[in-house]
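This is what each chain is made of:
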Amino acid sequence: MNKETKYIFVVGGVISGVGKGITASSLGLILKNRGLAVTAMKIDPYINVDAGTMNPVEHGEVFVLSDGDETDQDMGNYERFLDLNLTKGNYMTTGRVYKTVIEKERNLEYKGKCVQVVPDIPLEVIDRIKKAGAVAKADVVIIEVGGTAGEYENILFLEAARMMKTESPKDVFFIMVSYLPTPSKIGEMKTKPTQHAARLLNNSGVQADFIIARSDVRLDEKRKEKISMFCSVPPDRVISAPDVDSIYDIPLNFEKEKLSDKLCELMGVVCKKPDTKAWNAWKNFAKHAHNGKETVKIAMIGKYFETGDFILSDSYLSVIEAIKYSSYSQNKKPIISWLNSVDFEKNPAKLKDLKKYDGIIVPGGFGSRGVEGKLRAVEFARKNKIPYFGLCYGMQMMVIEYARNVLGLKDANTREVNPHSKNIVIDVMESQKEILKNNSYGGSMRLGEYKAILRSGTVAEKSYGKKQIVERHRHRYEVNPSFIGDLEAAGLIFSGRSPDGHLMEIAELPKSKHPFFLGTQFHPEFLAHPLNPHPLFTAFIKACAAKK
Ligand code: GLN
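Nothing here was measured: the structure is a model prediction, and the numbers come from that model. (Residues numbered from 1 in each chain as written. Predicted model: local features only at pLDDT ≥ 70, side-chain atom pairs only at ≥ 80, totals over all residues. Heavy atoms only, no water.)

The next subject is the nonpolar core. Counting 82 residues, the largest nonpolar core has L31, F254, L259, I361 and F389 as its most contacted members. Examining the composition of this core, we find that eight residues originate from one element, helix α20 (residues 535-547), more than from any other. Filtering out sequence-adjacent residues up to four positions away, I361 remains in contact with I298, A299, M300, I301, V319, I323, F389, L391, F537 and F540. By size, the runner-up hydrophobic cluster in this structure holds 43 residues, among which are M92, V97, F174 and V206. (Core = buried A, V, L, I, M, F, W, Y, C linked by side-chain atoms within 4.5 Å. Buried < 20%, exposed > 50% of the residue type's maximum accessible area, 1.4 Å probe, protein only. Helix = DSSP H or I, 4+ residues; strand = E, 2+ residues; numbered from the N terminus. Contact = heavy atoms within 4.5 Å.)

What follows concerns the site of the ligand. The local shell around the ligand consists of G364, G365, F366, C392, Y393, Q396, E416, R474, H475, R476, Y477 and H523. Residue R474 places a main-chain N or O atom 2.9 Å away from a nitrogen atom belonging to the ligand. Burial of the ligand by the protein chains amounts to 99% of its free accessible area of 300 Å². For the shell around the ligand, the secondary structure elements donating two or more residues are α16 (393-405) and β17 (468-475). Grouping the amino acids of the shell around the ligand by side-chain chemistry returns four nonpolar, five polar and three charged. (Near = heavy atom within 4 Å. Polar contact = N/O pair within 3.5 Å; in protein donor to acceptor, adjacent residues only side chain to side chain. Areas by Shrake-Rupley, 256 points an atom, 1.4 Å probe, with all protein chains shown as cover. Nonpolar A, V, L, I, M, F, W, Y, C, P; charged D, E, K, R; others polar.)

To continue, consider the sheet that holds strand β11 (residues 332-340). Sheet strands line up and pair through hydrogen bonds in the backbone, either parallel or antiparallel. One open sheet accounts for nine strands, arranged β11-β10-β12-β13-β21-β20-β19-β16-β17; its pairing is mixed. Edge positions in the sheet fall to β11 and β17, since each of these pairs with one other strand and no more. The sheet shows a mean angle of 30° between the axes of neighbouring strands, taken without regard to direction. (Pairing = 2+ DSSP bridges. Axes fitted to C-alpha atoms, helices over the stretch in contact; angles between N-to-C directions.)

Among the structural elements, N203 can be located in helix α7 (residues 192-203). Sequence separation between N203 and V362 is 159 residues; the distance between their C-alpha atoms is 48 Å.

Let us look at the pairing of strand β8 (residues 210-215). Judged by how many residues are buried, β8 sits mostly within the fold: six of six residues are covered. In β8, alternate side chains face the same way, and those of F210, I212 and R214 on one face and I211, A213 and S215 on the other are all buried. Looking at chain direction, strand β7 (residues 172-179) and β8 are connected through five bridges and run parallel. Bridged to I175 within β8 is F210. The parallel pair β7 and β8 is bridged by α7, and the resulting crossover is right-handed. Taken together, the five bridges between β8 and strand β9 (residues 238-242) define a ladder with parallel strand orientation. Considered in β9, the bridge of R214 is made with A241. Following the chain from β8 across helix α8 (residues 221-231) to the adjacent parallel β9, one finds a crossover that is right-handed. (Right-handed = clockwise from strand over helix to strand, strands pointing away.)

In short, geometric facts, not functional conclusions.
In C-alpha cells, the structure reads:
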C-alpha cells in the first residue's frame, strides 16, 4: 500500500437515502480546501456491470463519465463538488468485480489456484481502490459503499475495507452516515437505530471513526453523548447533520463543526490552512440558493412521472443542478415544474398552460411513450417563441417537429419510435445496427466525450465563446444525413457538428427567428459545475429571464 495515501470509507447505517453521496462529496470538498489531493469512488453493490441498463425511475439518473462509463448519480455529485473529472476506475459494482475475477480465472491468471469468494473478491476490490488512488495521485481517497450496514449485498466490500484496515491501520478510516428519527407521537430524537447500526458494522469487523448523524434538527449534547458511549466514538467525532434547504450548505455546516481539522488529526496528516479564496467562492455560490429574488419558471417535459416527486427529481439530477448553477450565476431563482408529455396527447388544450413558463426543456429519454406530446410541446415553444432547450432526445424531437411542420413530412419520426415511417429523420448509426441485432445493449451506445466544431456567428458559438467543444454523449440515434440539406434550407441550423462533419451535434434557430430554440445531441448537463456553470444553460436561462 502506498503509505502516503489515506482511504476514508463512507458507509451507511439505519436507512438509505439520507445523503451519503452528498456527505462523501462534502467531506472531499473540505479536505480539498485544506490543500489535499482528493479523489472519490462509488461502490454499488448490485450485479449490473454498470448503471446504463437500469431504469432511471428506479435508480436515479445514469451519470456518464468522460470515458463513457455509465455510472451512478453520486459520481456526478463528486465531480460537481470536487470539480473533478472521474473515470471508470472510480466506479465499481458487484457485477464489474465478479466479471474481472471470472475473466482472470479463465485466463489462468490465478495460476491453477481455487478462486474463492473470500478473499479473491475483496482482493480485487482492494486492487481497484488502490489503483484509483494511484491514478489520481491522491492524498485521500473517499470510497462510498452503497447500501447500509447489515445488508447482504455490500458485505464483501466491507470485508475488503476491513482487510485494508488490518493491513494498514494508520491509513484506513470509516465514517458512518446514520439517521436519527424523531417519531411524531414520541416527539424525541432516538439514538437506538444508530446504536444498532454501529453494532452491525462491528459485526463486519469495522469500527466507525466518525458518525455523521442525519436528522430533522440539530443533535443536542445528550444525544451526542449517548451515541458516543454506545457506538465507541468520541463525542467530538459525532457530527450533527440536520436537514438543510440546499445541499451546498453541507460543507459549510461541516466546517462549523471543524470537521476538516478533526479528519486531518484522525488521519495524522499535516494539512494547509483553509484556502480562503476558494472557500469564499463556494460560500458566495451557496448563498445564491437562498437569495435569488427574481424567479425563472421552467417546464420540464418528460414521461417519468408516475412514481412521485422524490424519484422524479433524481432521474434528472444533473439537469436540475445545471439549471441552478446558471440561474444562481445570474441571481435568479429557478422554479421547475414537471409536466407529463402524455397529458398533451390526451388533452391538447393543456398546451396553452405552457405560456405560463419562461422556458421549456425536453430532457433525454428513450422509447415511444409520450413522444407525440413532447413534439406538440416543441411545436408550441417554436410558434409561441418560448425559450426551448432540447437535451439529446429533446434535440431529436426538435428535428422531427421541424421536419413534420415546416418541411411538411407528416410522418417524420425516429427509427426508435416508428421504423416503418417513410421519413426517418433520426436514424440509427451504421455501427449500431449489428449491436441491436445481437441485443448487446449494455455499454454500447455512443458514450462519453466527443469533440464538436461550432459554426461562427451561431447562438451555440456565441454562447460558448469558442469554436471547438468537448461534450458527453449517451445515445444510439443521430440526425439522418439525407435530410440535413432540406432542414437547413428550411431554416434549421446545425451549428455544431462532429469534426468530420457527419454527425449533427447542435440544432438551433437564429436569434432573428426565435429568442432561444436550441437542442444538443450530447448532454451538456454532465459538465455543469457549481462555480463553472454550463454556457448553454446560461444562455437559455438568460433568454428565459428576458422573456419575463
Ligand atoms: N433515445 C435517444 C437515442 O438513443 C436519445 C437518448 C437520450 O436522450 N439520452 O438516441
